[in-house]
Structures are given as C-alpha cells and as structure tokens.
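Chain by chain, the residues run as shown.
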There are 2 protein chains.
Amino acid sequence: MNDHKPLRVALLGCGVVGSAVARRLVEHADDLTARVGVPLEIVGIAVRRAGRDRSDVPVDPSLFTTEAADLVTRADIVVETVGGIDPARELLLSAMAHGASVVTANKALLAEDGPTLYAAADAAGVDLYYEAAVAGAIPLLRPIRESLAGDDVRKILGIVNGTTNFVLDKMDSTGAGFAETVAQAQALGYAEADPTADVEGFDAAAKAAILASLAFHTRVAGRDVHREGITEVTASDIAAAKEMDCVVKLLAIAEKASTDDGEGISVRVHPVMIPRSHPLASVRDAFNAVFVEASAAGQLMFYGRGAGGDPTASAVLGDLVAVARHKVNGSRGPGESAYADLPVLDFGQSWTRYHISLDVEDRPGVLAQVATAFASHDVSIETVRQRVVTDPDSGGPRAELVVVTHRATEAALNATVETLSELDSVADVVSVMRVEGA
Amino acid sequence: MNDHKPLRVALLGCGVVGSAVARRLVEHADDLTARVGVPLEIVGIAVRRAGRDRSDVPVDPSLFTTEAADLVTRADIVVETVGGIDPARELLLSAMAHGASVVTANKALLAEDGPTLYAAADAAGVDLYYEAAVAGAIPLLRPIRESLAGDDVRKILGIVNGTTNFVLDKMDSTGAGFAETVAQAQALGYAEADPTADVEGFDAAAKAAILASLAFHTRVAGRDVHREGITEVTASDIAAAKEMDCVVKLLAIAEKASTDDGEGISVRVHPVMIPRSHPLASVRDAFNAVFVEASAAGQLMFYGRGAGGDPTASAVLGDLVAVARHKVNGSRGPGESAYADLPVLDFGQSWTRYHISLDVEDRPGVLAQVATAFASHDVSIETVRQRVVTDPDSGGPRAELVVVTHRATEAALNATVETLSELDSVADVVSVMRVEGA
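The rules behind the values
One numbering rule holds for all chains: residues counted from 1, following each sequence as written. Chains carry letters and ligands carry numbers; both start at the beginning, A for chains and 1 for ligands, and go up in the order they are written. Local features in this predicted model are restricted to residues whose pLDDT is 70 or higher, and side-chain atom pairs enter the listing and the counts only when it is 80 or higher, whereas totals over whole chains, interfaces and linings include all residues. The basis for every side-chain value is the complete set of non-hydrogen atoms in the structure, without hydrogens or water. Working definition: helices are DSSP H or I runs of at least four residues, strands are E runs of at least two. Numbering for both runs from the N terminus. Values of the radius of gyration come from C-alpha atoms, whereas the globule rule sets the reference at 2.2 Å times the count of residues to the power 0.38. Three labels apply to residues, based on accessible area from a 1.4 Å probe with only protein chains included: buried if under 20% of the type maximum, exposed if over 50%, partly exposed otherwise in between. Residue contacts are defined here by distance: any two heavy atoms, one from each residue, within 4.5 Å place the two residues in contact. Only the protein chains shown count as cover for residues, with accessible areas throughout obtained via the Shrake-Rupley method and a probe of 1.4 Å. Only four residue types enter the tally: Lys and Arg on the positive side, Asp and Glu on the negative side, with His and both chain ends excluded. Every charge is mapped to an atom, namely NZ of Lys, CZ of Arg, CG of Asp or CD of Glu. It is the directions from the helix axis to the C-beta atoms whose arc is reported. With axes taken as lines fitted to C-alpha atoms, and helix axes fitted only over the stretch in contact, angles between N-to-C directions fall between 0 and 180 degrees. Classes in brief: Ala, Val, Leu, Ile, Met, Phe, Trp, Tyr, Cys and Pro nonpolar; Asp, Glu, Lys and Arg charged; the others, Gly included, polar. When the copies are superposed, the least-squares fit takes in the C-alpha atoms of residues with a pLDDT of at least 70 in both. Pairing between two strands requires that DSSP report at least two bridges joining them. Segmentation into domains, and thus their bounds, comes from an automatic or database assignment. Buried area adds together the accessible area that both of two parts lose upon being put together, with accessible area traced by a 1.4 Å probe. Here, a salt bridge means any Lys or Arg side-chain nitrogen found within 4 Å of an Asp or Glu carboxyl oxygen. Any pair of N or O atoms that falls within 3.5 Å is considered a polar contact. Within protein, one atom must be able to donate a hydrogen and the other to accept it, and sequence-neighbouring residues count only if both atoms are side-chain atoms. Only the six-membered ring of Trp is used, alongside the rings of Phe and Tyr, when aromatic pairs are assigned; centres must lie within 6.5 Å, and planes under 30 degrees apart are stacked while those over 60 apart are edge-to-face, with the rest tilted. A ring has a charge above it when a Lys NZ or an Arg CZ is no more than 6 Å from the ring centre and no more than 35 degrees off the ring normal.

Engineer: Which parts of the structure should I look at to understand the overall build of chain A?
Structural biologist: When helices and strands are tallied, chain A shows 14 helices and 17 strands. Relative to a compact globule of 438 residues, whose C-alpha radius of gyration would be 22 Å, chain A shows 25 Å and is just as compact. Along the longest, intermediate and shortest principal axes, the C-alpha atoms of chain A span 85 × 50 × 35 Å. Here chain A holds 438 residues, and 58% of them are scored as buried. Nonlocal contacts in chain A, meaning residues at least 24 apart in sequence, comprise 72% of its contacts between residues at least 6 apart. Counting only carbon and sulfur atoms, one obtains 48% of the accessible surface of chain A, whose full area is about 16800 Å². Side-chain charges of chain A comprise 38 positive and 61 negative groups, with the mean position of each set lying 6 Å from the other.

Written as structure tokens, this is what we have:
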C-alpha cells in the first residue's frame, strides 16, 4: 500500500482515553500524516450509548456508532480503549481476522488471554501493540521488547499502579491508616468507588504478567502471578519502614531465579520495604516508575504518568503510528516471543528478604532461641535490633526485636515465621514485610 | 531472505564496546538466533593494529583484520564502535552502498553529518540505527523516535555526559574546586587524560543535536548547539546553588520556543542550577538521565548507565536485533524524519531563568537601582535576597544581593547583566547561573 490512500482507523470506546485519542488524531492530523506517510482517517467510534453529548470530541457526530462488531470489519487499524475481557476479545479477534492491526490498552485481556490474541495476529499477518496497557505514558514495553532485545533482563521492579502508590505515599507522609487514606484518595479521584482491582493488586498483577512475558520470552498470565494487595498494610508497618529509613511500595516484581531444576521465573505483586535512597522510593503521588536490571545494560529506570487520558493517549498514538507505518510499507513489528518457555516458579521458590518485627520477653536466652529458629530453616540474619519497651498491661519489661534477613526462599522465610510464632518467648510476630532494592 | 541463512555481521572496532559486543554475540548466540529468526555470524572484526593479544574476545583469531574497507563490502550488518569522523564516515557510506544496514555508536559523526548517512541509507534501502550514541544503555532514541511518534515533544533536559556529572557531583559533595576534582576523576578513570571533549561540552552538544533532531523532526547539527562547558564552574557557584537548595548539572537542553516569527527550537549545553527535588538532581556519579516533556505524555524520565562496555553493548545489540529482523523480513525501520524543518534559534532567543549574585554597596537606593536595571530590559524578578557582609579590605559594610529572575530571553538577561556591571553601586557581578526545572 504505497499510495496516499488514508488508513482507516476505528476507535472502540470514547471514554477518558478514547476521546483523548480522537482529539489528538484530529488536532495533530498534519504531523501524524507526515510521520506515517499517509493520513489517518477516523472511520467510526464505537460507543455503548448513542445520543450522549460528545461535543468535546471534534469529529463528525455521524461517526459515533453502537455497532462495534460491524465497525471492526471495515478498518485498517482498530484502537481499543474499552477494557475488560468481553466483548473486547471478540471484537479484537474479529478485527484481526478482517485484516486490521490492533492497538489496545487492555491489560486485563492481555494478561488473561494474550496468546490467543497473538495467534490471531500471526494468522492474519497484522500487528498487536499495547504500550498503553502498562504504565500509561511511559515508553516501557517497546524498550523491553526491542531496545533490550539483545540483552538478558534479570529483574523488573515496578510501581505500576497509581492508586496504591498514592495511598502508600500519603500514609507515609501523614501517618494515617489504610482505610482513612483510601477514603481520601476516593474523594480526590485517585481511587475508584470500588477500589478492589487496585488495592488488592489485580491491576498490578495483570501488568506484571505482561512485563514478565515480554522480558523473559515466556508466556505468563495474570493467574500465574502471586498477588497480595495493600489492604493489610498498617500505619505501624509504615512507621517500622521509616525507622529503617525505608518506604513501603506495592511492587510488581518479575525476576529470573535459579532452582535445582534450572532457571525459572518468579512473578509477584506485594508490598515491600525499599530504602529511601532507591530511585523507586522517590516516586510520589500517582506516578509510575519501573526499574529494570539487565545483565549488560545494568540498572535502568523509566518514570512518568501511569494513567490519565492524555498520557495514555500518548502511548496509544505512538503504537498507532508504528502499526500504520507497517501497513504503509507492508511489514510487521515483532510478534509474540515465547521461545524461552521458562517455568513460572511457585511463590515459595522465589527469593526475597524479610523484615520481621517480634514482641518478645526481655530475658537472657531469647535472642539465642530466635536466632536458632532462623538457622533451623537455613535463613541467614543480616541485622538484629533490640529495644526494651514497657509492657502496656503488666508494666514489666518487654523487648521489641527487629530482624532483617539475607535473601532466602519465600518458603524458608515463611517456615521461619511459623517456627518463631510457636516459641514461648515470642509473644507476637508483630509484622512481616519483604525488603527489596537494598 | 526468509530462509535460515545466517546474517553476516562485521564489527568495526574492538575496544571496550566492540569487544563487549563480540563477546555477547558469541555467548548469547542461541537467544539472539531465537529473537532474530536466523543466526548472526561474525564475519570479521576490523582493528587498527594486527597482532595484539585479543584472547578476551572468544572468536576465531583469523576474523581480526586491518582491512576495514574490504570487510564492510561483505556484510549484511556493519556495527561501528570506532568513533570519530574519519575513516568511520567513508566506511559506513561504503557499507550501506554495498547493502549493509548500519548500527553505530558514533555520536560525533551523526552530529556532524547525519543527513549524509541517512541519505545513503535511503538510497540503499537499509537501516541506520544508533541508540548507543546517546546515553549508553538507556533506551532513549527508540522511545523518542517511535514511542512518542504520536505525541508532541516540547522539551528535553538531559544529563548525557557521565564525566561532567561525576565532577559536578563530587564538587557538590566535597566542596572542592574544578581542577582538583577533575584530577580526581582522571585518577579514578572517569575522565580522560585530555578531558576537553567532556568538560567543554562537545560530547554533550553532539548528543543534544541528535536528541533535538529526533524529537523535533528537524535537522540539527552539533555546530548548531550553543555550548558552554563546566570549566568555569567554581566551588562558590556550587555553594550558592546549595544555599538555594539546588545542585549544578551540565544539561543538554532542547526545546520548542515561540518567537515573533513562529515556532523554533533552542538547543544548548551549559551548566544549570536545578532544585534538589527535581528527578535529575538525584542522578549521581557517572549515571545519565534524560527528562522529556511531551504535550500528551507529560513528564517522563529515563535513567541508567551512559557509558561502559557492557551497557553500551546492550544498546548496540538491541539495534542489531532490530535491523537483523528487518533484513529477515525484508522491511526497514523508520528513516530520517526532518519534515518539520523548524528554525534553530539563536542562543539569544532561548528562554531561561537566571540566578545572579551581586556584590553591592550597603546603602539606601541600591536595590532600587538594581531593580531598575532588570526592568529596563523587561526582565521580571522572582526573588531577591540581601545579606550584609563585611568588606574584607575596608572592614566596612557591603551587601550580597542574590536575584532569581522569571523566564526571559537569554539576550535580555545578558543585557541586564551588562547594565548591572556598569552600575556604580555594583562592585562585582559575582556569578551568573541559569536555572532550570523549577
């Protein structure tokens, strides 16, 4: 297709992101034409409800349609910003079967059923691009998929959910508890009325699956990701982190790990303590940032806005230009790369460090008992800090023991905590928090 | 070329970067083959001196050759890590004329004569990729060229020279002067024996030209870049910055600016004060980081290692995989994009803020005189701070006046400084430093 015929672009969805995409397609039409080689023409915008006021979207109102299934059959490129599994899946599969390349921001669908989409793209010889699905405006998937294609990614640590970062950041600066801070985030529009997908880590888990798939050339689905949200993070966890000169962040973590059976990958989402000196620690409010460690490149970080209409539209339009250029010159970008096919390890096999706070009796021999518990599970202790406190009930002396371990498997650490909780001298395992980035 | 015939890769140069590329090509051959689709075969490594011990490069020693001109005629892809203008230019032009795609880390050549290289690539229908030329391992050019292809880049602020960042960072932490710190950097291997290219800003200017060309779809050469190095930065400049809770960094700056004649671009390299809270302020040692502002994406930052064998090899190999894939499927990546053809503004037309420190007499009316000098050039003052000090010679009272301006043109600010220096009440213009990021 080397003539100057416009490429037909169909938009599915006209919410915050979809309308921003439409607006920029119209307002920056000349630049986009110069960059693609031919004009991009909006041939339809599928919406759920007809007749709504959409005067903020500067297109011919006749382009709005509720017939999405029809629209996807008459486009060269379909841009999907609706989200959710159905009907997005059927629409995108149909679009590709009809020869359209697809640009989508749909992390849930990709994490649920990415291989089916990729297979459809391969069968039709079209592109499937989804930069906007992870970390909004931040160019992240293209760097991982292309810039690091000659490198060996070892580890990814990402703040990929703005809502939870906002909540944890506010808990850190105000000392307030979780429930109170979520309410504040809701009032400010940083959290949904039902914040489950964010605070329980579902959103971050889908993104972790997408990142791991690309980085490790292995199929990873959202359901393969160990997931813990931030609902159990307390004000005293945050305070404990502060005492260690750390902050608490919800991280999406994907890393290669060695086991007795060879190399595998660990993919997980959970709160962690990271040192305040770590580049991720200074990521405030609802910003996103992703830290990537590769064997040749070393440590890289990507930082920017993870959500919002215009930022997400930036990522969508970058993909749109790329797939449009391919349509113009008859080529395709990289397809699925799953050749490495590494095993996804059980959570128990992943390696991490623990920060454990114990409430113990203040008498000789207690530290020895505690240390023995760690040793019995081959967990090596990095630091122990002991502080004598007064028992609020009896007024007698008690001690707070804070132990930070070296790296060990999750299974060994978990077993250690169980052993500790059974010790007579340990009144309570006050908190257990994983430590990364140190 | 859809069969499984290996692609022939020729390496020009076998220094720190070239040998790292060769090593990784050998050691990661299986992964690279899986990612490209066919094997990458090293067909020769051009070196200046034959017979040197190169046992650290795990290739058949017969591959080393001093016949670079011959080597480039028998490759599908030529990787150049020699640097400098000649003979690199002739070799790469010949390589492309013979049908090879080119991957180069040569910022000097690209900033000197990029359009000639691009024209040769177009004529031959091959790729010209150079991610490694700016900010080493950091995926930066591909994100700007591709991920932000649907956006409108407004401004780039980059720490793109590790040597100068190391020197300024050390001056900040130790309070030492420039000469002493450069000597320390040389002893540690962070600065060359002749540090001119780094400390005078030539290296950063070449990178600024490359970044501006890509971001603004306009040809910008190294010679178009206003350049000031760090040799004039004194310990007292650093101390003055500290007092403002700022740090001094050498930045490559490229931005769109409006003039009476329409939009143009300003590209410059000079030391600036930035607030300690700015993400670039925490970039320590020899790391690089680039801050990008785009109209839809908002603020983005890319961080990582800007130099070194393995980090630079990571960028080279990412490009190598990309151009190899194109060879396999008969396509090409994006070529030169210079359609916007914006005028490169004179330095005097660029907008910035000044931090000016004056030594003045401590008597009534001086502040009014100083303020009038600013007003006479339409420069608006943001803050003034006055401090009475004792004259070291006379023992009489003098005042130090620190003025921070709002944004104004470089020409207006420069004229203001000239007027100030002519005032009777101003004994000395102690320092003038530009301010960014606030």
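Engineer: Teacher, can you tell me more about helix 13 (residues 366–376) of chain A here?
Structural biologist: Since there are 3.6 residues in each turn of an α-helix, residues three or four apart along the chain are aligned in direction. Residues and elements named next belong to chain A. Buried within helix 13 are the following residues: Val 366, Val 370, Ala 373 and Phe 374. Burial along helix 13 is one-sided: seen end-on, the buried residues are contained in an arc of 95°. For helix 13, exposure combined with an orientation more than 90 degrees from the buried face picks out Thr 372 and Ser 376. Taken together, the buried residues of helix 13 touch strand 13 (351–361), strand 14 (381–390), strand 15 (397–405), helix 14 (410–422) and strand 17 (426–435). Among the residues trailing helix 13, Asp 378 stands out with phi positive, at a value near 60°.

Engineer: Hey, could you run me through the packing of helix 5 (residues 107–124) of chain B against helix 10 (residues 202–216) of chain B in this one?
Structural biologist: Between two packed helices, the angle of one axis relative to the other and the distance separating the axes together describe the packing. Residue and element names in this part refer to chain B. Packing of helix 5 against helix 10 leaves a shortest axis separation of 7 Å and a crossing angle of 35°. Between helix 5 and helix 10, the contacting residues are Lys 107, Leu 110, Ala 111 and Tyr 118 on the first element and Asp 203, Ala 206, Lys 207, Ala 209, Ile 210 and Leu 214 on the second. Class assignment of the residues belonging to the contact of helix 5 with helix 10 gives a composition of seven nonpolar, no polar and three charged.

Engineer: What is the right way to read the relation of the copies chain A and chain B from this model?
Structural biologist: Superposition of the two copies of the chain requires a rotation about an axis and a shift along the axis. Mapping chain A onto chain B calls for a rotation angle of 180° and an axial translation of 0.0 Å; the resulting RMSD is 0.1 Å. Taken together, the rotation angle and the small translation identify this as a two-fold axis. The C-alpha atom lying nearest the rotation axis in chain A is that of Phe302(A); the distance is 2.5 Å. Both copies contact each other with a shared surface, as 100% of the interface residues of chain A are interface residues in chain B too.

Engineer: Explain the sheet that holds strand 5 (residues 101–104) of chain B to me, please; I cannot follow it from the model alone.
Structural biologist: In a beta sheet, neighbouring strands pair by backbone hydrogen bonds and run either parallel or antiparallel. Residues and elements named next belong to chain B. With parallel pairing, the six strands of this open sheet are ordered in space as 3-2-1-4-5-6. Looking at which strands have only one partner, the edges of the open sheet turn out to be strand 3 (64–65) and strand 6 (128–129). Looking at chain direction, strand 4 (residues 77–80) and strand 5 are connected through four bridges and run parallel. Counted as the bridge partner of Ile 77 is Ser 101 from strand 5. Strand contacts of helix 12 (residues 309–329): strand 1 (7–12), strand 2 (40–46), strand 4, strand 5 and strand 6, with the helix running at about 170° to strand 5, the strand carrying the most contacts.

Engineer: How should the sheet that holds strand 3 (residues 64–65) of chain A be read in this particular structure?
Structural biologist: All names here are of chain A. With parallel pairing, the six strands of this open sheet are ordered in space as 3-2-1-4-5-6. For this open sheet the edge positions go to strand 3 and strand 6 (128–129), each flanked by a neighbour on one side alone. In the sheet, strand 2 (residues 40–46) pairs with strand 3 via two bridges, with the strands oriented parallel. Paired with Ala 46 across the strands is Thr 65, a residue of strand 3. Sitting on the sheet, helix 12 (residues 309–329) touches strand 1 (7–12), strand 2, strand 4 (77–80), strand 5 (101–104) and strand 6, and the angle it makes with strand 5 is about 170°.

Engineer: I would appreciate a short explanation of the domain arrangement of chain A in the present structure.
Structural biologist: Residue and element names in this part refer to chain A. Split into domains, chain A comes out as domain 1 (7–137 + 310–329), domain 2 (141–304) and domain 3 (350–435). When each unit is reduced to the centre of its C-alpha atoms, the spacing between domain 1 and domain 2 is 28 Å. Interface area for domain 1 against domain 2, summed over the two sides, is near 1300 Å², with a carbon-plus-sulfur share of 58%. Interface area lost by domain 1 to domain 2 is led by Ala 111, Glu 131 and Val 134, which between them contribute 38%. Here domain 1 and domain 2 share two salt bridges between them.

Engineer: Quick question: what am I supposed to make of the interface of chain A and chain B here?
Structural biologist: Where interface size is quoted, it is often the accessible area lost as the parts come together. Each side of the interface is counted separately: chain A has 44 residues, and chain B has 44 residues. Across the interface of chain A and chain B, roughly 3800 Å² is buried in total on both sides, 53% from carbon and sulfur atoms. The largest per-residue losses of area from chain A upon contact with chain B belong to Arg35(A), Tyr303(A) and Tyr339(A), which jointly make up 16% of the total buried on that side. Our count for the contact surface shared by chain A and chain B stands at four salt bridges. Of the charged contacts, one joins Asp151(A) and Arg24(B) as a salt bridge, the two residues approaching to 3.4 Å between their closest N and O atoms. Here chain A and chain B share 20 residue pairs in polar contact (both at pLDDT 80 or more) between them. Secondary-structure elements contributing two or more residues to the side of chain A that touches chain B are helix 2 (29–36), helix 6 (141–147), strand 12 (298–305) and helix 12 of chain A. If you tally residues by element for the side of chain A that touches chain B, the top one is helix 12 of chain A, at eight residues. For the side of chain A that touches chain B, the per-class residue count stands at 20 nonpolar, 11 polar and 13 charged. Looking at chain direction, strand 12 of chain A and strand 12 (residues 298–305) of chain B are connected through three bridges and run antiparallel. Bridge pairing in strand 12 of chain B places Phe302(A) opposite Phe302(B).

Engineer: How do you make sense of the packing of aromatic side chains when you look at a structure like this?
Structural biologist: Within a pair of aromatic rings, the relevant descriptors are the distance that separates the centres and the angle that separates the planes. In total, this model carries seven aromatic pairs over all chains according to the counting rule given. Between Phe287(A) and Tyr303(A), the ring centres sit 5.1 Å apart and the planes meet at 5°, which makes this aromatic pair stacked. Taken as a pair, Phe287(A) in strand 11 (residues 287–294) and Tyr303(A) in strand 12 lie far apart in primary sequence, 16 residues in all. Each member of the pair, Phe287(A) as well as Tyr303(A), carries the same accessibility label: buried. Taken together, a centroid distance of 4.1 Å and an interplanar angle of 20° make the contact between Phe166(B) and Tyr190(B) stacked. Residue Phe166(B) is found in helix 7 (residues 162–174), and its partner Tyr190(B) is found in the loop between helix 8 (178–187) and helix 9 (196–199); the two are separated by 24 residues along the sequence. Of the residues examined, Phe166(B) reaches a relative accessible area of 2% and is grouped as buried. For the cation-ring pair, Arg145(A) lies above Tyr129(A), with the distance from its terminal atom to the ring centre recorded as 4.6 Å.

Engineer: Please clarify how the side chain of Asn161(B) should be interpreted in this entry.
Structural biologist: Residues and elements named next belong to chain B. One can find Asn 161 in the loop between strand 7 (153–159) and helix 7. At 2.7 Å, the side chain of Asn 161 forms a polar contact with the side chain of Asp 198. Within the structure, the side chain of Asn 161 is placed 2.9 Å from the side chain of Asp 203, a separation counted as a polar contact. Leaving out residues up to four positions away in the same chain, Asn 161 has contacts with Asp 198, Asp 203 and Asn 288.

Engineer: What should I look at first to understand the side chain of Ser101(B) in this one?
Structural biologist: Residues and elements named next belong to chain B. With respect to the secondary-structure elements, Ser 101 resides in strand 5. Judged by its relative accessible area of 3%, Ser 101 is buried. A distance of 3.0 Å separates the side chain of Ser 101 from the backbone nitrogen of Asp 127, its partner in a polar contact. When near neighbours in sequence (up to four residues on either side) are disregarded, Ser 101 contacts Asp 76, Ile 77, Val 78, Val 126, Asp 127, Val 323 and Lys 327.

Engineer: Please clarify how the pattern of salt bridges should be interpreted in this entry.
Structural biologist: Where charged atoms from two side chains of opposite charge approach closely, those side chains can pair. Residues and elements named next belong to chain B. Enumeration over the complete set of coordinates arrives at 65 salt bridges over all chains. Between Lys 256 and Asp 152 there is a salt bridge, with its nearest N and O atoms 2.6 Å apart. Of this pair, Lys 256 sits in strand 9 (residues 246–259) while Asp 152 sits in the loop between helix 6 (141–147) and strand 7, placing them 104 residues apart in sequence. Here Lys 155 ties to Glu 255 by a salt bridge, and the two come within 3.4 Å at their closest N and O atoms. Note that Lys 155 is positioned in strand 7 and Glu 255 in strand 9, a separation of 100 residues in sequence.

Engineer: Which parts of the structure should I look at to understand unusual backbone geometry?
Structural biologist: What is expected of a backbone is that most residues other than glycine have negative phi and most peptide bonds are trans. Here the residue pair Asp86(A) and Pro87(A) is connected by a cis peptide bond, since its omega of 5° sits within 30 degrees of zero. As for its position among the elements, Pro87(A) is in the loop between strand 4 and helix 4 (88–97). A positive phi angle, near 50°, is found at His217(B), a position not held by glycine. Summarising the element assignment, His217(B) is placed in the loop between helix 10 and strand 8 (226–227). Phi angles above zero are rare outside glycine, and Asp378(B) is one such case at about 60°. With respect to the element layout, Asp378(B) can be found in the loop between helix 13 (366–376) and strand 14 (381–390). Looking at Asp378(B), the relative accessible area reads 72%, which means it is exposed.

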